[in-house]
Structures are given as C-alpha cells and as structure tokens.
Amino acid sequence: MKQKRPQTWRKRDAMRLCLALVLLIAFVLWQNNDLTVTQYTAHTKKETPAGGLKIVQVSDLHNKAFGKQNENLLARIRAQNPDFILLTGDTVDSRRTDIEIALDFAAAATEIAPVYFVSGNHENRLPIDRKTAFYTGLRQNGVQLLNDETKTVSVRGCEIVLVGLDDAHLADGTLQTLCADLPENTLQILLAHEPQELANYAAAGVDFAFSGHTHGGQVRLPFVGGLAAPDQGLFPQYDAGVFTEQNTVLYISRGLGNSLFPVRVFNRPELVCVTVVTEE
C-alpha cells in the first residue's frame, strides 16, 4: 500500500513553488523595467565639436513608460547631456495605438536636446488617421522628422549631416539618392530602423548608422547572443551592439519596450549613448 506524503512535506513543496514563482516574477519585472545605459566612444577623422559629439539613441519604445510620464527614462537621457537625441523607430506600437505616451515623451525630450525621428515598421503599420495624428503631434512638439530626408545641423560651430531613411525604403535605392550630393568632409549620421541592411548603408558611404528593431534578440543566451529577431529569424547576425562594414559603423540598440512577445530575458531595456571624437 502506497504511503501518503506527510502534510508537512506537501506544505513545504507548496511554499517552494510559491517562492519560485515570486522570484520568477521579480526577475521578469527587473529584466523588463530596469534601464541600462550603454556608453560607446567612436572615432572619426572628420571634424567634431570641441569635447566630442554626444548622441543618445532611443529605439523601440513601443509606448512603454518608465516611471510616471517616463520620468525615469527622461532622467537617464538628461544625465547624458546629449547634443541631440535620435528616435530610431517604433516609438509607438501598431497593436496598441494609444500615441499619447509617445507624444508626451517626445515633447519632454525636446526640452533636453534637439530630437530627430525616423519611422519604424510599427509607425508605417498605423492606420492612416493615427499615423497622421502621430506625425502631426511630433512636429507640434518640436521633433524633426527625417523620413527620407537629410538635414545639416550645427553643433557648437561644427556641421553634422543627419540622414533619415523611412522604414519602407531601406533597400530600394532611396539612401543612395539621399547621399549622392552630401559633402564628403562632413560627418554623416544615418537613422534607419532595421540593421540587416548594413551592406546598403555602407555602400552609401555614411560614417555612422543607428538602428533598433531587433529588441536585442528578445531572449539573450550566454556566449550566443540574441535568440530571434524580426526579418532575421533565429540567431540573428545583427542583434545588438556595434558592427562595422567598409567605413560605416552601425550601432544597434536592444530597445526599450516590447511588442508581440512581452518578455525580455537577460536583455534589459537599453539606452544607447555614443560620443564621437576626432582622432588626433
């Protein structure tokens, strides 16, 4: 006859299970809400402002809020003292079309530094009325849209060329047209949401490119990297970090929010800060 386990053992098993669940929930919350700031120093032979050009990249926010009215995210950005802020797409989420969180964040960010935006796939999937409202709201809040546009900006007396590539035109020749007449001796910085087109960005001759889209592979495996990324599949080549092709250096943000898959594992939300300095 099979003996029943003592009731005290059943209680201990239940307690262990509850503790494991609490720890798992705490881990998931930490992984999805604890902001990290990744600092890079980049070198160029071209002119940069005195003390270097400091860029903060915000990517794949997906309507997420870090603190009330994104105060935690804004505080982290402010602490970097950036010369400008790049929004590299998917600031909103096409599955949750409440655009107010993103617009409030963008308005507050413009009080820190000039903000430049390029579309991601989620902006391009918005219903036309919501897309129009979002872009209108960005402009009204002082954000400068760079969808298939170039803009020369002056930072402490140094000219910088920003190039924005709409997510719908990543590999159709649009970038080459945009870059055809750019001054070769001026630093050229590209905003393009998706990183897998690095060869195309390098062919256009830009110095630096900033992308997101991958969410860092969503789940990051030790010694392996990202598990999966849209448009690249399993074990993506371009998941996060820095990649170089020809004379173009690409920075890929792991992003801040989530979309279809709601959980990050070993992949905390990331704010990217790059300081570009002229080589001696």
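Residues numbered from 1 in each chain as written. Predicted model: local features only at pLDDT ≥ 70, side-chain atom pairs only at ≥ 80, totals over all residues. Heavy atoms only, no water.

Undergrad: How should a nonpolar patch on the surface be read in this particular structure?
TA: On the surface, Leu221, Phe223, Val224, Leu234 and Phe235 cluster together into a nonpolar patch covering about 610 Å² of accessible area. Tracing the backbone through its elements, the reader meets Val224 in the loop between strand E10 (220-221) and strand E11 (225-226). Residue classification places Val224 among the exposed positions, given a relative accessible area of 53%. (Patch = residues over 30% accessible without salt bridge, like charges linked within 9 Å, V, L, I, M, F, W, Y side chains within 5 Å. Areas by Shrake-Rupley, 256 points an atom, 1.4 Å probe, with all protein chains shown as cover. Salt bridge = Lys/Arg side-chain N within 4 Å of Asp/Glu carboxyl O. Helix = DSSP H or I, 4+ residues; strand = E, 2+ residues; numbered from the N terminus. Buried < 20%, exposed > 50% of the residue type's maximum accessible area, 1.4 Å probe, protein only.)

Undergrad: Sorry if this is basic, but what is going on with the sheet that holds strand E9 (residues 208-211) here?
TA: Pairing between the strands of a sheet is mediated by backbone hydrogen bonds and can be parallel or antiparallel. Taking strand neighbours across the sheet as the criterion, the six strands line up as E6-E7-E8-E9-E15-E14 in an open arrangement whose pairing is mixed. With one partner strand each, in any of the chains shown, strand E6 (149-155) and strand E14 (241-245) form the two edges of the open sheet. Adjacent strand axes in the sheet meet at a mean angle of 20° when their direction is disregarded. Across three bridges, strand E8 (residues 187-192) lies against E9 in parallel orientation. Considered in E9, the bridge of Leu191 is made with Phe210. (Pairing = 2+ DSSP bridges. Axes fitted to C-alpha atoms, helices over the stretch in contact; angles between N-to-C directions.)

Undergrad: When you look at the pairing of strand E15 (residues 248-252) in this model, what are you seeing that I'm missing?
TA: Two faces, one strand: in a regular strand the side chains alternate between the faces of the sheet. Counting buried positions along E15 yields five of five residues, so the element is predominantly enclosed. Taking every second residue as pointing to the same face, both faces of E15 are buried, with Thr248, Leu250 and Ile252 on one and Val249 and Tyr251 on the other. For E14 and E15, the ladder comprises five bridges, and the chain directions are antiparallel. Paired with Thr244 across the strands is Val249, a residue of E15.

Undergrad: Honestly, the packing of aromatic side chains in this entry has me stumped. Any pointers?
TA: Aromatic ring pairs are defined here through the distance separating the ring centres and the angle between the ring planes. Applying the stated criterion across every chain, the model contains eight aromatic pairs. Taking the centre distance of 6.0 Å and the plane angle of 40° together, the rings of Phe134 and Tyr135 count as tilted. The class of Phe134 is buried, set by a relative accessible area of 0%. Among the residues examined, Tyr135 registers a relative accessible area of 11% and is labelled buried. What links up through ring pairs into an aromatic cluster is the set Tyr40, Phe208, Phe210 and Tyr251. Its guanidinium or amino end placed over the ring of Phe66, Lys64 lies 5.1 Å from that ring's centre, counting from NZ or CZ. (Phe/Tyr/Trp six-rings, centres within 6.5 Å; stacked < 30°, edge-to-face > 60°. Lys NZ or Arg CZ within 6 Å of the ring centre and 35° of its normal.)

Undergrad: Sorry, what's going on with the layout of surface pockets here?
TA: In this approach, a probe sized like a water molecule rolls over the atoms, and the result shows the empty space that is left. The computed volume of the largest pocket comes to approximately 330 Å³. Every residue lining the largest pocket is counted, 18 residues in all, and those nearest its centre are His215, Gln218, Pro230, Ser259 and Leu260. When residues of the lining of the largest pocket are traced back to their parent elements, those giving at least two are helix H4 (121-125) and strand E12 (228-229). In terms of residues, the lining of the largest pocket owes the most to one element, H4, which gives three residues. When its residues are assigned to classes, the lining of the largest pocket shows five nonpolar, nine polar and four charged. (1 Å grid on protein atoms, 1.4 Å probe; cavity = no way out; pocket = protein on both sides within 12 Å on 5 of 7 lines; lining within 4 Å. Points joined across faces, edges and corners; volume = space filled by probe spheres on them. Nonpolar A, V, L, I, M, F, W, Y, C, P; charged D, E, K, R; others polar.)

These figures capture arrangement, not role.
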